Amino acid sequence: MTPELTILGWTLVLALVQIFLPSSARTRETGATYNMSARDEPGPPVGKVTARLRRAQANLYETLPLFAAAVLIAHVAGVHNSLTLYGASLYLAARVLYVPIYAFGIPVVRTLVWGVSFVGLVMILWAILFPF
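Let me begin by describing the structure that accompanies this report. Only a predicted model underlies this, so the values are computations on that prediction, with no experimental measurement involved. All residue numbers here refer to positions counted from 1 along the written sequence of the relevant chain. Given that the model is predicted, a residue must reach a pLDDT of at least 70 before its local features are reported, and side-chain atom pairs must reach 80 or more before they are shown or counted; all residues, however, enter totals for whole chains, interfaces and linings. To get the side-chain values, all heavy atoms of the structure are used, and hydrogens and water are removed first.

Let's talk about the overall build of the chain
Phase 1 of the analysis: Runs of E in the DSSP output that reach at least two residues are strands. Runs of H or I that reach at least four are helices, and both are numbered from the N terminus. Counting secondary structure elements, the chain contains five helices and zero strands.
Phase 2 of the analysis: Ordering the α and β elements of the chain from the N terminus gives α-α-α-α-α.
Phase 3 of the analysis: For the chain, the spread of C-alpha atoms along the three principal axes comes to 60 × 30 × 20 Å.
Phase 4 of the analysis: Looking at the 132 residues of the chain, the share that counts as buried comes to 38%.
Phase 5 of the analysis: For this analysis, residues touch if any pair of their heavy atoms sits within 4.5 Å. Considering only residue pairs separated by 6 or more positions, the chain has 76% of its internal contacts joining residues 24 or more positions apart. Throughout, exposure labels follow a simple rule: accessible area from a 1.4 Å probe, protein chains only, divided by the maximum for the residue type, with under 20% read as buried, over 50% as exposed, and the rest as partly exposed.

Below you can see the structure in the form of structure tokens.
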């Protein structure tokens, strides 16, 4: 298995963590009894951190299919080089950093970190489309 596929695997672990984080934050807001109910009545308003964690999750899910496809295409095509390795590494590292930065509401840095993850994705695409 290539390092890029391993990084993709860890990115999927991150996606699972990002499912758990907003739901556990919401449970702290509503209580376990409400969460295990049919939720016929609206719960209390969603808190800032829970809302941020939900948005961070949605943000990951916007680019995750592209990242997964790029890594898989590189694997099938046999394109494994510094661009694919560093691109995948940058993507995962930035996505991991993005979660707490967004949860704490740190502006500007959040956008820069997102940009780093995007650069990582573009690096993989570049390696696929323009192999050297």
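Focus: the nonpolar core
Phase 1 of the analysis: Grouping buried Ala, Val, Leu, Ile, Met, Phe, Trp, Tyr and Cys residues that are joined through side-chain atoms within 4.5 Å yields what is termed a nonpolar core. Among the nonpolar cores identified, the biggest contains 24 residues, and Leu 8, Leu 60, Leu 64, Phe 67, Val 71, Tyr 91 and Ile 124 are the most heavily contacted of them.
Phase 2 of the analysis: Elements represented by at least two residues in this core include exactly helix 1 (3–30), helix 3 (48–77), helix 4 (82–103) and helix 5 (109–129).
Phase 3 of the analysis: The leading source of residues in this core is helix 3, at eight residues.
Phase 4 of the analysis: Not counting residues within four places of it along the chain, the set of residues in contact with Phe 67 comprises Ile 7, Leu 8, Thr 11, Ala 88, Tyr 91, Leu 121 and Ile 124.
Phase 5 of the analysis: Ranked by size, the runner-up nonpolar core spans six residues in total, among them Ala 56, Tyr 98, Ile 101 and Tyr 102.

Focus: the packing of aromatic side chains
Phase 1 of the analysis: For Phe, Tyr and Trp, where Trp contributes only its six-membered ring, two rings pair if their centres lie within 6.5 Å, and the inter-plane angle classes them as stacked under 30 degrees, edge-to-face over 60, or tilted in between. Taken as a whole, this structure holds four aromatic pairs when the rule is applied.
Phase 2 of the analysis: Measuring from ring centre to ring centre gives 4.1 Å for Phe 67 and Tyr 91, while their planes differ by 10 degrees; the resulting arrangement is stacked. Of this pair, Phe 67 sits in helix 3 while Tyr 91 sits in helix 4, and the two are 24 residues apart along the sequence. The burial state of Phe 67 is the same as that of Tyr 91; both residues are buried.
Phase 3 of the analysis: Ring geometry for Tyr 98 versus Tyr 102: centroids 5.5 Å apart, planes at 85 degrees, classification edge-to-face. Placement of the pair is Tyr 98 and Tyr 102 together in helix 4, with a separation of four residues, close to one helical turn.
Phase 4 of the analysis: Residue Tyr 98 is classed as buried on the basis of its relative accessible area of 1%.
Phase 5 of the analysis: For Tyr 102, a relative accessible area of 12% corresponds to the buried category.

Remarks on the pattern of salt bridges
Phase 1 of the analysis: Put simply, a salt bridge is a Lys or Arg side-chain nitrogen that is within 4 Å of an Asp or Glu carboxyl oxygen. Per the counting criterion, the structure on display carries one salt bridge.
Phase 2 of the analysis: Its salt-bridge partner being Glu 29, residue Arg 26 comes within 2.7 Å of it at the nearest N-O pair. Of this pair, Arg 26 and Glu 29 are both found in helix 1, three residues apart, which corresponds to roughly one turn of the helix.

Considerations on the packing of helix 1 against helix 3
Packed helices, taken two at a time, are described by the angle their axes make and the gap between the axes.
Phase 1 of the analysis: Under this scheme, a helix contributes an axis fitted over its contacting stretch, all axes are lines through C-alpha atoms, and angles between N-to-C directions fall in the 0 to 180 degree range. Interhelical geometry of helix 1 versus helix 3 gives an angle of 165 degrees and a closest axis separation of 10 Å. With respect to their mutual orientation, helix 1 and helix 3 come out roughly antiparallel. Helix 1 and helix 3 meet at a crossing whose hand is left-handed.
Phase 2 of the analysis: Classifying every residue of the contact of helix 1 with helix 3 by side-chain character gives 19 nonpolar, five polar and four charged. When describing relative orientation, an angle under 35 degrees is termed roughly parallel and one over 145 degrees roughly antiparallel, while 65 to 115 degrees is termed roughly perpendicular and anything else oblique. Put simply, a crossing is left-handed when the front helix is turned counterclockwise from the back one by less than a right angle, and right-handed when it is turned clockwise. The classification used treats Ala, Val, Leu, Ile, Met, Phe, Trp, Tyr, Cys and Pro as nonpolar, Asp, Glu, Lys and Arg as charged, and all other residues, Gly among them, as polar.

Looking at a nonpolar patch on the surface
Phase 1 of the analysis: The grouping of Leu 125, Trp 126, Leu 129 and Phe 130 at the surface amounts to a nonpolar patch, some 450 Å² of accessible area in total.
Phase 2 of the analysis: Counting through the fold element by element, Phe 130 comes out in the segment after helix 5. Each patch is assembled from residues with relative accessible area greater than 30% and no salt bridge, linking like charges that lie within 9 Å and nonpolar side chains (Val, Leu, Ile, Met, Phe, Trp, Tyr) that lie within 5 Å. Reported accessibility uses the Shrake-Rupley method at a 1.4 Å probe radius. Residues are deemed covered only where the shown protein chains occlude them.

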